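Commentary on secondary and tertiary structure
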Amino acid sequence: MSRPHRTPPRWVRWTLALLLALVPCVVWGVTTATAERSLGPHEALYEVTTNGLVTVDLGPLGTIQIDSPLPLGLGADVTVEEIPADLTAVGQADTLEGLSQDLEDYLRFFGGPQETIGSVARALVVDALRRTGFAILVVGAVGAGLYLLLGPPRRRELTERVAPRTYEITAGVVLVSLVGVSLVASDPGTTTGPSQRASAVFDGTPLEGARITGRLAGVVDTYGAMLIDLYRENEDFYARADANLVAAWDRRDRIQRLTAPLAAATTTSDDEPSPDDPTSPDATTTTGDEDGAPDAPPSGTGDEDAGGDVSGAEGSADAEATEEPAPEPAAEVDLVTLLVVSDLHCNTGMTPLIRTAAERSGASIVLNAGDTTMNGTAVESFCVDSFASAVPKGATMVVSDGNHDSVETSAQERANGQTVLDGKVVEVEGIRILGDRDPLETRLGLGSQPPREETPEEYAARLTEVACAEEEDGDGIDLLLIHTPRMGNEALDSGCVSNQISGHMHTRSGPERMGGGVRYVSGSTAGAVKDQLRIGPLKGTAEMTVLRFDPERRRIVDWQLVQIGTDESAKVWPRIAWPTPSGVPVVEEPAGDGSEEGVEGGEVPADEPTDDVPATEG
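Residues numbered from 1 in each chain as written. Predicted model: local features only at pLDDT ≥ 70, side-chain atom pairs only at ≥ 80, totals over all residues. Heavy atoms only, no water.

As annotated in an unreviewed UniProt entry, the protein chain carries the name Calcineurin-like phosphoesterase domain-containing protein and comes from Cellulosimicrobium cellulans F16.

1. Considering the sheet that holds strand 12 (residues 431–435)
Just so we agree on the cut-off: DSSP bridges decide pairing: two strands pair if at least two such bridges lie between them. Counting from the N terminus, the helices are DSSP H or I runs at least four residues long and the strands are E runs at least two residues long. Only the stretch in contact is used when fitting a helix axis, every axis being a line fitted to C-alpha atoms; angles between N-to-C directions are given from 0 to 180 degrees. In what follows, a contact means two residues having at least one pair of non-hydrogen atoms within 4.5 Å.
Spatial strand order, 11-12-15-16-18-17: six strands in an open sheet with mixed pairing. Edge positions in the sheet fall to strand 11 (426–428) and strand 17 (509–514), since each of these pairs with one other strand and no more. Within the sheet, the average angular offset between the axes of one strand and its neighbour, ignoring direction, is 25 degrees. For strand 12 and strand 15 (residues 479–481), the ladder comprises three bridges, and the chain directions are parallel. Note on strand 15: the bridge partner recorded for Ile433 is Leu479. Sitting on the sheet, helix 10 (residues 456–473) touches strand 12 and strand 15, and the angle it makes with strand 12 is about 155 degrees.

2. A few points about the state of the cysteines
Note: disulfide means a covalent bond formed between the sulfur atoms of two cysteine side chains. Put simply, the test is: Cysteine sulfur atoms are paired as a disulfide whenever they fall within 2.5 Å. Throughout, exposure labels follow a simple rule: accessible area from a 1.4 Å probe, protein chains only, divided by the maximum for the residue type, with under 20% read as buried, over 50% as exposed, and the rest as partly exposed.
Using the criterion set out here, one finds two disulfides in the structure. Here Cys346 engages in a disulfide with Cys383; their sulfurs sit 1.8 Å apart. Where Cys346 bonds to Cys383 through sulfur, the torsion about that S-S bond is close to 105 degrees, and the disulfide is right-handed. Placement of Cys346 in the loop between strand 7 (336–341) and helix 7 (351–361) and of Cys383 in helix 8 (residues 381–388) is noted, with a sequence separation of 37 residues between them. Here Cys346 and Cys383 have matching classes, each one buried. Paired by a disulfide, Cys468 and Cys496 hold their sulfur atoms 2.2 Å apart.

3. Here we look at the nonpolar core
For clarity, the threshold we go by: Remark: nonpolar core denotes a set of buried residues (Ala, Val, Leu, Ile, Met, Phe, Trp, Tyr, Cys) joined through side-chain atoms within 4.5 Å.
Counting 34 residues, the largest nonpolar core has Leu245, Leu339, Met350, Ile354, Met544 and Ile564 as its most contacted members. Taken together, the elements giving at least two residues each to this core come down to helix 6 (215–266), strand 7, helix 7, helix 8, strand 9 (396–399), strand 19 (542–550), strand 20 (555–564) and strand 21 (570–572). Among residues more than four places away in sequence, those in contact with Met544 are Leu339, Val340, Val341, Met350, Leu353, Ile354, Ala357, Thr525, Gln560, Leu561 and Val562. Core analysis: the second largest hydrophobic core is formed by 24 residues, Ile431, Leu547, Phe549 and Trp573 among them.

4. Some thoughts on a nonpolar patch on the surface
Applied cut-off: Residues with no salt bridge and a relative accessible area higher than 30% make up the patches, which join like charges within 9 Å and nonpolar side chains (Val, Leu, Ile, Met, Phe, Trp, Tyr) within 5 Å. Only the protein chains shown count as cover for residues, and all accessible areas are computed by the Shrake-Rupley method using a 1.4 Å probe. Should a side-chain nitrogen of Lys or Arg be within 4 Å of a carboxyl oxygen of Asp or Glu, the pair is scored as a salt bridge.
On the surface, Trp28, Phe134, Val138, Val142, Leu146 and Leu149 cluster together to form a nonpolar patch covering roughly 610 Å² of accessible area. With five residues, helix 4 (residues 113–162) is the largest single contributor of residues to the nonpolar patch. For Trp28, the location among the structural elements is in helix 1 (residues 10–31). When its relative accessible area of 31% is taken as the criterion, Trp28 is described as partly exposed.

5. Details of the pattern of salt bridges
Across all of its chains, the model carries 17 salt bridges by this definition. Ionic pairing is found between Asp127 and Arg131, a salt bridge with its closest N-O pair at 2.7 Å. Placement of the pair is Asp127 and Arg131 together in helix 4, with a separation of four residues, close to one helical turn. Comparing Asp127 with Arg131 shows no difference in burial state: the two are buried. For Arg452, the salt bridge is made with Glu454, and the minimal N-O distance between the two is 3.7 Å. The exposure class assigned to Arg452 is partly exposed, which follows from its relative accessible area of 26%. Residue Glu454 is classed as buried on the basis of its relative accessible area of 14%. Residues joined by salt bridges that share partners form a network here, namely Asp436, Arg452, Glu454 and Arg462.

6. Description of the pairing of strand 9
Put simply, the rule reads: If the strands point away from the viewer and the path from the first strand over the helix to the second runs clockwise, then the crossover is right-handed.
Inspection of the sheet shows strand 8 (residues 365–368) paired to strand 9 by four bridges, in the parallel sense. Bridging across to strand 9, Ile365 finds its partner in Thr396. Crossover handedness for the path strand 8 to helix 8 to strand 9: right-handed. Looking at chain direction, strand 9 and strand 10 (residues 419–420) are connected through two bridges and run parallel.

Shown next, in the form of C-alpha cells:
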C-alpha cells in the first residue's frame, strides 16, 4: 500500500514552477549560444557544445582539438571561415607558403590568445543571456495563454491532481531538459573516432596538449617548431624588456625623490638637465646592453653627449620656452597624469609594457593617438582587446583613430569601454579634449582614401571651428588629440588650441610652439620602422610619453619620455617643463607661400614623411 503524497505549500509550488520554467530556458540559452569573432587572421563562428572540447575546424587543413577550459563540461566548436579550398591540392611546404601572408596575424594571436578567449567568452555570455531571455518570454507567453484558456474550474482540477507530485514532476522535467538539450547541442562528430595524439610542438605554450588532424598535422609537425621558436623569442624579449622597464622606473623614482627638494627650490622652465646633473639622461636609467639602446635624448634636454637621434626623432623645445619661468604647478597630488601611446599597429607584445608604464606613472588617462590596427579589419579585434587590457582599473583610454583604423575599430574600442573621439569635446578628469578619427583611411594595396564626404582641409576647418566656438563660450579646450599632425595646423594657428598631441609620423618631434599653441608628435609605441614587420622583437625604439596636467591652471606642466630599445633596454627620462603656449593667433600669410595647408586632396608635402605600410606587409 503506497503512502499518500504530501501536497507542498503554495509558495513551494510557485518556486518549483518557476524553476521548471527557468532551468530549460537557461540550459537551452547557454548550450546554443554562438558568437562571430576572429581567430588569428580569420573570421570564425564559435558555437557552445557539451563535449568538454574546443574543436577548431580549419576546413581542408584539418582540425585543432584541445580540452575545454569552460566549466560544467561545456566546450566549443570553432568554424574558421575563408580557408582556401585549393590548399588541399598542395604539399606541406606549399601549404605553409600559402599561409605565410597571414603569419604576422597568427603570431599575434598565438602570443596573446587569452585576449581572443576573453572577447569570445564575453560574446558567448551576451548571446546566452539573449537566448535565455527570449526562451523565458516564449515560455511565459505560452504559460499565460494556457492559464487563460483553461479557466478557473479546470485549473483547480489540475492543481489538485498535480500538486501532490510537484517534486517528482520538477525533477523529471529538469533531467529531461538537461539530457535533451545536451544531445541537441553536442556534435557527435567531435566525440567519436580514434583519439588523436597531442602535438609535442606545443609543449610549454598556451596550446599545450592540442591534437591536430588532417593536412595541418603534417605542417605543424614539420614547421611548427619554427613558429614556436618565434613565439618564445617574442615572449622572452618583451618579458625581459618589461623587467628592464620596471628596474629603470625604480631608479628614476629614486633619483626624483633625492632631487625633489633641490628642484622645488630652483626649478624654472629653463632648468633642463645637463650631463653632470644626477637627473640627466646619462644617469643610470638604462637596463640592458648598450647596442640598440634608446640613447637619444628627449628634445630640449640640452644633453649634447647622450647619443644619436632615435629612429629619426627630431625637433627641440622652442627656444622661447626657456625665456620665462614656468608658473608654479598645483601640488603633485592634484595633477592629472596622462600616458601617450601611438601607432601600436597590432604589436601586442607591447601590451605588458604599456600596462607597466601606466601603473608606474600613476596615469588615470591613456591617450591613444591612433593606428591601433594595421588594416582596420574585424579580425584585428584581438589587438584592440589586448591594448585595452593594458589600461589600469579606474583609468580611461581616450582614442583618436588613425588612417589604419576604421569604423569597425572604433566599435571594438567602444565595446572595451574606451572613449573614442568623434568631433565633439569630451571632458575626462577635468581635461577638455577635442579630436576625431583621421580624415583618410589607408588600406593594404589600396592606398589612402577619404572614408566620408569630407576633404582633409574641411576636416581641419571643422575642428578649428569647434575649438573656437568652445573658446567663445568660455569653456575652451585643453587638448587637441588627432592622428595626423598637420591636420591641427589651422587650429593651432587660430589660437583656440593650446596643446596638440598626434602620432602618424613614427618619429617624435616637439613639444614645440606652433601658432598659438604647442604641438607634440609621439613616436611609435610599436617601434614601427618602414619596411620592417611589426610583429616580433622591436625593430626600432618604442616610445611612450607621460604628461602631467594642472587642472587648476588648465595647462600641461611637464612631459617625460619612456623608451624601449631593440636590445630590450629601457630608459625613463627626467621630467621636462612643457612650453607655455602663446595663445596668440597667427596672421594668415598670402596664398602661394608653400605652406602645407594649401595641399589639395590630403596629399602629404614632400618634406613630411609618411607611415606607409612596408612593402613586405602588402
